[in-house]
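# Residue-level structure breakdown
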Amino acid sequence: GVILLLASGVILLSSGFPGMGVSLVLLPFVVYTLVFRALIPARAMRRLEGKASRGDLKAILEMGRIYEVGSFLIPKERARARIWYQRAAEQGHLDAAYHLGELLRQGTTDKDLKEEAIQWYRFAAHKGHLQAATWLAWAYRTGDGIPADPLLAEEYRELAERLGQTVMKGGG
């Protein structure tokens, strides 16, 4: 018999018996997908984790993102995401501080976690993170997760505006 493997994941089998012709067997290569494709991300994840463990801030942030969102092979784990984000944020990484604030604020009713989230937003905003400043302006204006405060809302709106202009001019 003849076996032809098509790019679409279909296998054509020819039985080799007169009159039988070619039978079409639809096999989406479940084994291929689960084994071969799983090896590539697993290797990449090990490399990334190695870089993060050695202190590479970009890798640390990426580890946080991976555990926050989850993937085909890696389950969503907020506690692990928090560890990675906090590690980078404590070393001054502004995106990590912002994402840590987002992680702590969302999906919780714990007042202490929300307070910690606000602290991370403030840290990032005052160091130049546009999204953190924008969120704080919104939150203080609307009372989203924190008591409304028109003066602080205006302060963070102005900060966000300055940071936005800096980004638009290519300085940030």
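So, here is what we can say about the structure in this document. In this text, all values refer to a predicted model and were calculated from it rather than measured experimentally.

About the criteria used
Residues numbered from 1 in each chain as written. Predicted model: local features only at pLDDT ≥ 70, side-chain atom pairs only at ≥ 80, totals over all residues. Heavy atoms only, no water. Helix = DSSP H or I, 4+ residues; strand = E, 2+ residues; numbered from the N terminus. Buried < 20%, exposed > 50% of the residue type's maximum accessible area, 1.4 Å probe, protein only. Contact = heavy atoms within 4.5 Å. Areas by Shrake-Rupley, 256 points an atom, 1.4 Å probe, with all protein chains shown as cover. Axes fitted to C-alpha atoms, helices over the stretch in contact; angles between N-to-C directions. Parallel < 35°, antiparallel > 145°, perpendicular 65-115°, else oblique. Left-handed = near helix turned anticlockwise from the far one by under 90°. Nonpolar A, V, L, I, M, F, W, Y, C, P; charged D, E, K, R; others polar. Core = buried A, V, L, I, M, F, W, Y, C linked by side-chain atoms within 4.5 Å. Phe/Tyr/Trp six-rings, centres within 6.5 Å; stacked < 30°, edge-to-face > 60°.

### Quick word on the overall build of the chain
Looking only at helices and strands, the chain has 7 helices and 3 strands in total. Reading the secondary structure of the chain in the N-to-C direction produces β-β-β-α-α-α-α-α-α-α. The buried share among the 172 residues of the chain stands at 33%. Considering only residue pairs separated by 6 or more positions, the chain has 36% of its internal contacts joining residues 24 or more positions apart. For the chain, the exposed surface amounts to about 11000 Å²; the carbon and sulfur share of it is 60%.

### Quick notes on the packing of helix α5 (residues 111–126) against helix α6 (residues 130–142)
Viewed as axis vectors pointing N to C, α5 and α6 meet at an angle of 130°, and their least axial separation amounts to 8 Å. Regarding the angle of α5 to α6, the classification is oblique. Between α5 and α6 the crossing geometry is left-handed. Counting all contacts with α5, which are made through I118, Y121, R122, A124 and A125, the residues of α6 involved are A132, A133, W135, L136 and Y140. Of the residues assigned to the contact of α5 with α6, the class counts are 9 nonpolar, no polar and 1 charged.

### A few points about the nonpolar core
Considering soluble globular proteins, one finds that nonpolar side chains tend to be buried as a cluster. Counting 40 residues, the largest nonpolar core has Y121 and L136 as its most contacted members. Contributions of two or more residues to this core are made by α1 (30–53), α2 (57–69), α3 (78–89), α4 (94–105), α5, α6 and α7 (150–168). Among the elements that make up this core, the one with the highest residue count is α6 (7 residues). Beyond its immediate chain neighbours, meaning those up to four positions away, L136 contacts I118, Y121, R122, A125 and Y156.

### A short note on the environment of K111
If you trace the backbone, K111 turns up in helix α5. The exposed category is assigned to K111, whose relative accessible area is 63%.

### Concerning the packing of aromatic side chains
Tallying each qualifying case throughout the model produces 4 aromatic pairs. The interplanar angle of 65° and the centroid separation of 5.8 Å between the aromatic rings of Y98 and Y121 together place this pair among those described as edge-to-face. One end of the pair, Y98, is in helix α4; the other, Y121, is in helix α5, and 23 residues separate them in sequence. Here the two residues Y98 and Y121 agree in accessibility, since each one is buried. Geometrically, the ring pair formed by Y140 and Y156 is stacked, given 5.8 Å between the ring centres and 10° between the ring planes. Of this pair, Y140 sits in helix α6 while Y156 is found in helix α7, placing the two residues 16 residues apart along the sequence. Take Y140 and Y156: they sit in the same class, and that class is buried. Through a chain of ring-to-ring contacts, the aromatic side chains of Y98, Y121 and W135 assemble into a single cluster.

### Here's the deal with the packing of α2 against α3
Following both chains from N to C, one finds α2 and α3 inclined at 160°, their axes separated by 7 Å at the closest point. Relative to α3, α2 is oriented roughly antiparallel. Taken as a pair, α2 and α3 cross one another with a handedness that is left-handed. For the pair α2 and α3, contact is made by L57, I60, L61, M63, G64, R65, Y67 and E68 and by R78, R80, A81, W84, Y85, R87 and A88, respectively. Split into classes, the residues belonging to the contact of α2 with α3 amount to 9 nonpolar, 1 polar and 5 charged.

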